Amino acid sequence: MRLGLGTVQFGIPYGISNVHGTPNDAELASILEAAAAAGINLIDTAHAYGECEKRLGRLLPREHEFRIVTKTVPVGTRRITADDAIRVRDGFFQSLSDLRQTSVYGLLVHRAEDLLAAEGGRLMDALLELKGRRLVHKIGVSFYDQNELDAVLERYSIDIAQVPVNVLDQRLVSSGALARMKCKTIEIHARSVFLQGLLLMEPDGLDAYFQPARGALRRFRAFAEECSLTPVQAAMRFVTGLAEVDAVIVGVTRREELEEVVTAFRAAAGTKNEYTSFALDDDAILNPARWPH
């Protein structure tokens, strides 16, 4: 199945529409059980997601079929030192310990800026070493915009690119970036499918900050209604219609949310052309890091 389970909500209260906070252990165990039953075999997590990796380590069955993708400790300096590379390696081994795994499917650089810093190649060397030791099957980067994506791909070869793609944020689709990555045989993981839940909220109830998006959101909801789809189904239909996408990463806080997402995922895919009128090119809306908190 191309659907993957995002886990940031398991460690920290995340998402503009998240009214439940982090699920307790019983709920989280139920989510993992439902994911396995649905055929989901990819879990996306990160060192920076609070207690998430420790919780997964406690609650995942010893024998499971999930491929786990985690991310590096963010460095955030202008020059990467040998000590920074050691800290990234140590952070990875902490993730393995917390997750109670001997290896993982993927390790992504959490901040592309770290690779683009002076001596950023030290980080890539650290990842390649871990891959060479078969502690990681694939290495990659979590991207936030095309500029950093293009800059990284000019310098490095990667196996996985995690990128934001949704009804409002179609920039990597329209620019051809997804198609170019597929030509390089890069595995593409799409995140922000619901844009932190913004696509699922009533446009007229949104904070004034989101005024520039209200028109597109109203049109999107009208389109969904015309197609007899829920907003969840309509949003998922767009991403599943992108042949370049190998995995669609979706976060939930409750089992019933996951079941709704799985149902939507299994619905027939739409086409890109149906959704072009909803696309925005406003980073203040499309990048949640810029939203008021």
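Quick note: structure is the one above.
The numbers attached to residues start from 1 for each chain and follow its sequence in the written order. pLDDT decides what is reported in this predicted model: residues at 70 or higher carry local features, side-chain atom pairs at 80 or more are listed and counted, and totals for whole chains, interfaces and linings draw on all residues regardless. The side-chain quantities take in all heavy atoms of the structure and omit both hydrogens and water.

1. Description of the pairing of strand S4 (residues 104-109)
Right, on to step 1. Any residue under 20% of the maximum accessible area for its type is buried, any over 50% is exposed, and the rest in between are partly exposed; the area is computed with a 1.4 Å probe on protein chains only. The helix count covers DSSP runs of H or I at least four residues long, the strand count covers runs of E at least two residues long, and both are numbered beginning at the N terminus. For S4, the tally of buried residues reaches six of six residues, placing the bulk of the element in the interior.
Right, on to step 2. Strands pair, by our definition, only if DSSP identifies at least two bridges between them. Bridge analysis of strand S3 (residues 67-71) against S4 gives three bridges, and the strand direction is parallel. From the neighbouring strand, Lys-71 faces S4, where its bridge partner is Leu-108.
Right, on to step 3. As judged from the five bridges shared by S4 and strand S5 (residues 136-142), these two strands associate in the parallel manner. Note that in S5 the partner of Val-104 across the bridge is Val-136.

2. Let's talk about the packing of aromatic side chains
Right, on to step 1. Two aromatic rings from Phe, Tyr or Trp, using only the six-membered ring of Trp, form a pair when their centres are within 6.5 Å; if the ring planes differ by under 30 degrees the pair is stacked, by over 60 it is edge-to-face, and anything between is tilted. One pass over the full model with this rule turns up eight aromatic pairs.
Right, on to step 2. Taken together, a centroid distance of 5.1 Å and an interplanar angle of 70° make the contact between Phe-223 and Tyr-275 edge-to-face. Of this pair, Phe-223 sits in helix H10 (residues 211-226) while Tyr-275 sits in the loop between helix H12 (255-266) and helix H13 (283-286); the two residues are 52 residues apart in sequence, bridging distant segments of the chain. Across this residue pair, the class does not change: Phe-223 and Tyr-275 are buried.
Right, on to step 3. Between the aromatic rings of Phe-223 and Phe-278, the centroid separation amounts to 5.5 Å while the plane-to-plane angle is 55°, which identifies the pairing as tilted. One end of the pair, Phe-223, is in helix H10; the other, Phe-278, is in the loop between H12 and H13, and 55 residues separate them in sequence. You'll find Phe-223 and Phe-278 in the same group, each marked buried.
Right, on to step 4. In this scheme, the term charge over a ring applies when either NZ of a lysine or CZ of an arginine sits within 6 Å of the ring centre and within 35 degrees of the ring normal. Taking the ring centre of Tyr-105 as reference, the NZ or CZ of Arg-67 above it sits at 4.6 Å.
Right, on to step 5. Here the basic side chain of Arg-191 rests over the ring of Tyr-144, its NZ or CZ set 4.4 Å away from the ring centre.

3. Concerning the packing of helix H2 (residues 25-38) against H12
Right, on to step 1. The axes are straight lines fitted to the C-alpha atoms, using for helices just the contacting stretch, and the angles between their N-to-C directions are given from 0 to 180°. Contact geometry for H2 and H12: axes closest at 9 Å, N-to-C directions at 20°. Classed by the angle they form, the pair H2 and H12 counts as roughly parallel. In the crossing of H2 with H12, the sense of the turn from one axis to the other is right-handed. Contacts from Glu-27, Ser-30, Ile-31, Glu-33, Ala-34, Ala-35 and Ala-38 in H2 reach Arg-255, Glu-256, Leu-258, Val-262 and Arg-266 in H12. Geometric relationships in this document are graded by angle, where less than 35 degrees denotes roughly parallel, more than 145 denotes roughly antiparallel, 65 to 115 denotes roughly perpendicular, and other angles denote oblique. Crossings are sorted by hand: turned counterclockwise from the far helix by less than a right angle, the near helix makes the crossing left-handed, and turned clockwise it makes it right-handed. By definition in these notes, contact holds between two residues if any of their heavy atoms fall within 4.5 Å.

4. Focus on the sheet that holds strand S6 (residues 160-164)
Right, on to step 1. Strand order around the closed barrel formed by eight strands is S1-S2-S3-S4-S5-S6-S7-S8, with parallel pairing between neighbours. For this sheet the average axis-to-axis angle between neighbouring strands, irrespective of direction, equals 25°.
Right, on to step 2. Its contacts with the sheet put helix H6 (residues 121-132) on S4 and S5, and the angle it makes with S5 is roughly 155°.

5. Section: the pattern of salt bridges
Right, on to step 1. Here, a salt bridge means any Lys or Arg side-chain nitrogen found within 4 Å of an Asp or Glu carboxyl oxygen. A full pass over the atoms with the stated rule returns 19 salt bridges.
Right, on to step 2. The salt bridge partner of Arg-171 is Asp-169, with a shortest N-O separation of 2.9 Å.
Right, on to step 3. By relative accessible area, Asp-169 is classed as buried at 3%.
Right, on to step 4. The salt bridge partner of Arg-255 is Glu-259, with a shortest N-O separation of 3.1 Å. Of this pair, Arg-255 and Glu-259 both sit in helix H12, four residues apart, which is roughly one turn of that helix.
Right, on to step 5. Of the residues examined, Arg-255 reaches a relative accessible area of 24% and is grouped as partly exposed.
Right, on to step 6. Since its relative accessible area comes to 38%, Glu-259 is described here as partly exposed.

6. Details of helix H4 (residues 82-99)
Right, on to step 1. Its 18 residues place the ends of H4 26 Å apart at the C-alpha level, agreeing with the 26 Å of an ideal helix rising 1.5 Å per residue.
Right, on to step 2. Within H4, burial applies to Asp-84, Ala-85, Val-88, Gly-91, Phe-92, Ser-95, Leu-96, Asp-98 and Leu-99.
Right, on to step 3. Elements that come into contact with the buried residues of H4 comprise helix H3 (52-59), S3, S4, H6 and S5.
Right, on to step 4. Of the residues flanking the end of H4, it is Arg-100, one or two places downstream, whose phi is positive at about 60°. The length a helix should cover is 1.5 Å for every residue beyond the first.

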